[in-house]
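Listed here are the chains, written in short residue letters.
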Amino acid sequence: MVRTMDRPPKPDSASWSPDPRKPLPEGEAKGAGAPKGTGAPRGAGLGTFQGVFTPSILTILGVIMYLRFGWVVGNVGLGLTLVIVVTCTAVTFVTALSMASIATDRRVRTGGAYYMISRSLGLETGGAVGIPLYFALALSMALYVIGFSEIVVDIFPQLDPRWVGIVTATAVTGLALRSASLALRSQYVVMVVIGLSLLSFFLGGPVEGVPVEAAAPVEPQAPTIPPTFWVVFAVFFPAVTGIEAGVNMSGDLKNPARSIPVGTFAALAVGFVVYITMPFFFAAWADSEALVADPLIMRQMALWGPLIILGAMGATLSSAMGSILGAPRVLQAMARDEVLPRPLRFLGRGAAEDDSPRAGTAVTLGIVLLAIWLADLNMVAPILTMFFLTSYMTVNLAAGIEGFLKSPSFRPAFRTNWVVCMLGALGCLLIMFLIHAPATILAAAVVLGVFIWLERRQLRGTWGDVRSGIWLALVRMGLLRVAGQEDPRNWRPHPLVLSGEDDRRWPLIDFANAITHNRGLVTIASVIPESEEEGERQAELEAEFRSYLKRRGVEAFVRTVSAPDPFTGARRLVEIYGFGSLVPNTIVLGTSEKMERRDRYCRMIETFHRKRRNVVILRDPEHTGFGRRRTIDVWWGGLQANGGLMLVLAYLLRTNVEWEQAEVRLKLAVRSAEAADEARGELEALLADLRIGEVRLDIIVSDDRPFSEILRSASAGADIVFLGMASPAAVDDFRAYYDQLQEMSAGLPPTAFVLADGTLEFAEVLVDRA
């Protein structure tokens, strides 16, 4: 099917992509296909004029100028056309400022906009924008070739536009494969032709036989429906998106840090002068009806009409050249960063001395030929425009975030205020919605889908990106707002696990992880002896622990300290570890099995209590773990003090996914049946207020049996038992008291001795007092 140019044209933003001619620094890309030892000789590469200004200006002064600028003036009039030109150029100018900031801060290598985004916001974001950007570049070449075919068929009606397009695309690709430098040099001829065609236009005159009127919109005859302002805006906007052309050739530039800003701003300035001047001539030399009716109205106005045809053909071919030079290089960069799936990693290889992406070029040509043969991209065109605007928005966002964080590593030679960059990002987003809201949503869905896919692959770059700086800024902001006493309504455990180096202490880590639900802050700590090699040993131990926790699927911090003995080290950790008021509020540790160490162990517990930390001592001498995780016993001593904390911990444990089938049994030993009835009524009323799910009451009449006997009998089948501990200040000899606890719990399943810090009323955590 032959497509006419009566409809709004497709994006005219032939963005280029860098040829990774320069060797990547060590660690820059870890893809298996990354070449070693390739690259241009030192001092070789393209200069500002050839590498940036030429491709940019040829894309800016492209097919939209020749085939749709008169249509724009005819539909909205002179005044609104000037508004469109200024607004579009302003958005592009801000994006150019952002690109200049990033380009003058770091070496911009293969990938252009993809490289900038991935090195600032991470591989996931870079890939999420880069993959759609590649397809936009590839399909935009098809659009430019189809536009060229329409012009040829207008001159030679007997030709099939699809075959004209296929031959043209193949010829342009062949030139690009032969040499990127040769292709760029050939564009000098195109630039001369475009310059002569503009000169012929400005030296021309009114359209003969058509009365000259003020260029105001005319009422179209039914059934013609005039396009809205934003439809016309969308048609014109791709005309000013050529700034990526030079940026995407960054891998071929001799000095990207200088060439990208200078060449881009020069091209923008020239393009703005042309686009702000031409509407006055259109308005003066033809009426609105003529401007809308004839896509090539410039030919009738020009001093010599054939120059306009030559310029339009040159513009479409140069834009197509930009796309076929750019798209494969974006593909090559993503393959080398391992963004693409493993079967496509071969696309990262370069051929010949200039490392040209021939495999990527062949793949791109296949996509282009398929699109040309189908020859109907009207529904796809808005999506392509969204992808280009998405890349602009993300570049602005990256530069804005870098500027806002003021990281010492971000030191661009060309600085742009971060507010300007953020306004540019917001402007791009707003324009996307105004142009085509459904297309914007679809583009966002595609980008989000690619991002999630890449996130799950857990890509790792060897360079740092801005994401850690963003998190650090957010953490700082949050820490400064978390101050004063803990709020019972928002209390949750932040355990400090004194696990030691013994891997038999896994139940301590397992317990702490279960009660936090990946919401609290878990720290796994150990103490190592002081020595000359303690720094190296600490680093090795922390790395081993992180690897161990990762294998176990535990999200936790790791901290080691050196000290003369474990007790001194543990006290140091509790005293100094944390940030501001955000400190571990619950100490989880194992029991002391060695009698000769119990005095110091008990004094350590007393210190933890004085420092207002909750203490949970997990006794599991047989290292059996938590069995089937089906039964949780809580021995009740009242809601105040330890009772409230034990119920909170039991609730958190039972709501963990591995304990979700567990039953909580609240146990209480009383002296008589009358006391049992009274206690049952009180506890049933209390549990109704607590809203902690189903809890089974088990009230035991002691019949003068010792508590230790009742405990062993009633909790023998539990998977974990919670028992409260007396405050060290409430007993005369805490060491003797601790020994009694150990004797009493001998033979029990894993037992958690709980000591609340005494400062927080856990009853308020459980009961709504409002």
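Residues numbered from 1 in each chain as written. Predicted model: local features only at pLDDT ≥ 70, side-chain atom pairs only at ≥ 80, totals over all residues. Heavy atoms only, no water.

## A few points about helix 25 (residues 734-744)
Applicable threshold: Three labels apply to residues, based on accessible area from a 1.4 Å probe with only protein chains included: buried if under 20% of the type maximum, exposed if over 50%, partly exposed otherwise in between. In this description a helix means any DSSP run of H or I spanning at least four residues, a strand means any run of E spanning at least two, and both kinds are numbered starting from the N terminus. By the convention used here, residues are in contact when the closest approach between their heavy atoms is within 4.5 Å. Here a polar contact means two N or O atoms within 3.5 Å. Within protein one must be a hydrogen donor candidate and the other an acceptor candidate, and residues neighboring in sequence count only if both atoms are side-chain atoms.
Among the 11 residues in helix 25, eight count as buried, and that is most of the element. Among all positions in helix 25, only Phe734, Arg735, Tyr737, Tyr738, Asp739, Leu741, Gln742 and Met744 are buried. Contact partners of the buried residues in helix 25: helix 21 (598-610), strand 5 (614-619), helix 24 (707-714), strand 9 (720-724) and strand 10 (751-755). N-cap assignment for helix 25: the residue whose side-chain oxygen lies 3.2 Å from the backbone N of arginine 735 is aspartate 733.

## A word on a negative patch on the surface
Condition: Only residues whose relative accessible area exceeds 30% and that form no salt bridge are eligible for patches; like-charged ones are grouped when within 9 Å, while nonpolar side chains (Val, Leu, Ile, Met, Phe, Trp, Tyr) are grouped when within 5 Å. Surface exposure here means Shrake-Rupley accessible area, sampled with a 1.4 Å probe, where a residue is shielded only by the protein chains that are shown. A carboxyl oxygen of Asp or Glu within 4 Å of a side-chain nitrogen of Lys or Arg is what we treat as a salt bridge. Under the counting rule used here, the positive set is Lys and Arg, the negative set is Asp and Glu, and His together with the chain ends is not counted. Working definition for charges: the position is that of NZ of Lys, CZ of Arg, CG of Asp or CD of Glu.
Together, Glu533, Glu536, Glu540 and Glu544 line one region of the surface with negative charge. On the secondary structure map, glutamate 544 appears in helix 19 (residues 534-552). Accessibility expressed as a relative area gives 45% for glutamate 544, which makes it partly exposed.

## Observations regarding the environment of alanine 444
Here alanine 444 is to be found in helix 16 (residues 418-457). For the pair formed by alanine 444 and threonine 390, sequence separation is 54 residues and the distance between their alpha carbons is 8.4 Å.

## A few points about the packing of helix 6 (residues 161-178) against helix 14 (residues 358-374)
Definition in use: Helix axes are fitted only over the stretch in contact, all axes being lines through C-alpha atoms; the angle between N-to-C directions runs from 0 to 180 degrees. Under this scheme an angle from 65 to 115 degrees is roughly perpendicular, one under 35 degrees roughly parallel, and one over 145 degrees roughly antiparallel; angles in between are oblique. Two helices that cross are described as forming a left-handed crossing if the nearer one is turned anticlockwise from the farther one by less than a right angle, and a right-handed crossing if clockwise. By the convention adopted, Pro, Cys, Tyr, Trp, Phe, Met, Ile, Leu, Val and Ala count as nonpolar, Lys, Arg, Asp and Glu as charged, and the other residues, Gly among them, as polar.
At a minimum axis separation of 10 Å, helix 6 and helix 14 run at an interaxial angle of 165 degrees. Classified by the angle their axes make, helix 6 and helix 14 are roughly antiparallel. Judged by the twist between their axes, the crossing of helix 6 over helix 14 is right-handed. Listed contacts from helix 14 to Arg162, Trp163, Gly165, Ile166, Ala169, Thr170, Thr173 and Leu177 of helix 6 are Arg358, Thr361, Leu365, Val368, Leu369, Ile372 and Trp373. Its residues assigned to classes, the contact of helix 6 with helix 14 shows nine nonpolar, four polar and two charged.

## Considerations on the nonpolar core
Quick note on the threshold: Residue types Ala, Val, Leu, Ile, Met, Phe, Trp, Tyr and Cys, when buried and joined through side-chain atoms within 4.5 Å, form a set referred to as a nonpolar core.
Ranked by size, the top nonpolar core spans 129 residues in total, and within it Phe236 and Phe282 carry the most contacts. With 18 residues, helix 5 (residues 123-155) is the largest single contributor of residues to this core. Phenylalanine 282 has contacts with Phe69, Gly70, Val73, Phe201, Leu291, Ile297, Met298 and Met301, leaving out every residue within four places of it along the chain. Core analysis: the next-biggest nonpolar cluster, separate from the first, contains 59 residues, Ile528, Val648, Leu697 and Phe722 among them.

## Focus: the sheet that holds strand 10
For clarity, the threshold we go by: Here a strand pair is declared whenever DSSP counts at least two bridges between the two strands.
If you walk across this open sheet you meet the 10 strands as 3-2-1-4-5-10-9-6-7-8, and the pairing is mixed. Each of the sheet's edge strands pairs with one partner strand only, and the pair in question is strand 3 (557-563) and strand 8 (695-701). For this sheet, the mean inter-axis angle between neighbouring strands, taken without regard to orientation, is 25 degrees. Relative to strand 4 (residues 586-590), strand 1 (residues 495-498) runs parallel, the two sharing four bridges.

## Considerations on the side chain of histidine 609
Tracing the backbone through its elements, the reader meets histidine 609 in helix 21. Residue histidine 609 is classed as buried on the basis of its relative accessible area, which comes to 16%. The contacts of histidine 609, once residues within four sequence positions are left out, are Ser727, Pro728, Leu755, Ala756 and Asp757.

## Looking at the pairing of strand 5
In terms of burial, strand 5 is largely enclosed, as six of its six residues are buried. Pairing geometry for strand 4 and strand 5, over five bridges, is parallel. Across the sheet, the residue bridging to valine 588 is valine 616, located in strand 5. With five bridges joining them, strand 5 and strand 10 adopt antiparallel strand pairing. Directly across from isoleucine 617, in strand 10, lies its bridge partner phenylalanine 753.

## Details of the packing of helix 21 against helix 25
Packing of helix 21 against helix 25 leaves a shortest axis separation of 9 Å and a crossing angle of 105 degrees. The pairing of helix 21 with helix 25 is recorded here as roughly perpendicular in orientation. The residues of helix 25 that touch helix 21, namely those facing Arg598, Asp599, Tyr601, Cys602, Ile605 and Glu606, are Phe734, Arg735, Tyr738, Asp739 and Gln742. Looking at the contact of helix 21 with helix 25 residue by residue, the classes come out as five nonpolar, one polar and five charged.

## Considerations on a nonpolar patch on the surface
A cluster of nonpolar residues, Phe404, Trp418, Val419, Leu423, Leu426, Leu429, Phe433 and Ile441, forms a patch on the protein surface that exposes about 750 Å² of accessible area. When residues of the nonpolar patch are assigned to their parent elements, the largest contribution, seven residues, is made by helix 16. Looking at the secondary structure, you find phenylalanine 404 in helix 15 (residues 381-405). Relative accessible area serves as the criterion here: at 45%, phenylalanine 404 is assigned to the partly exposed category.

## As for the environment of phenylalanine 707
Note on placement: phenylalanine 707 falls in helix 24. Separated by 37 residues in the primary sequence, phenylalanine 707 and valine 670 place their C-alpha atoms 9.9 Å from one another. If sequence neighbours within four positions are ignored, phenylalanine 707 has contacts with Trp635, Ala669, Leu723 and Met744.

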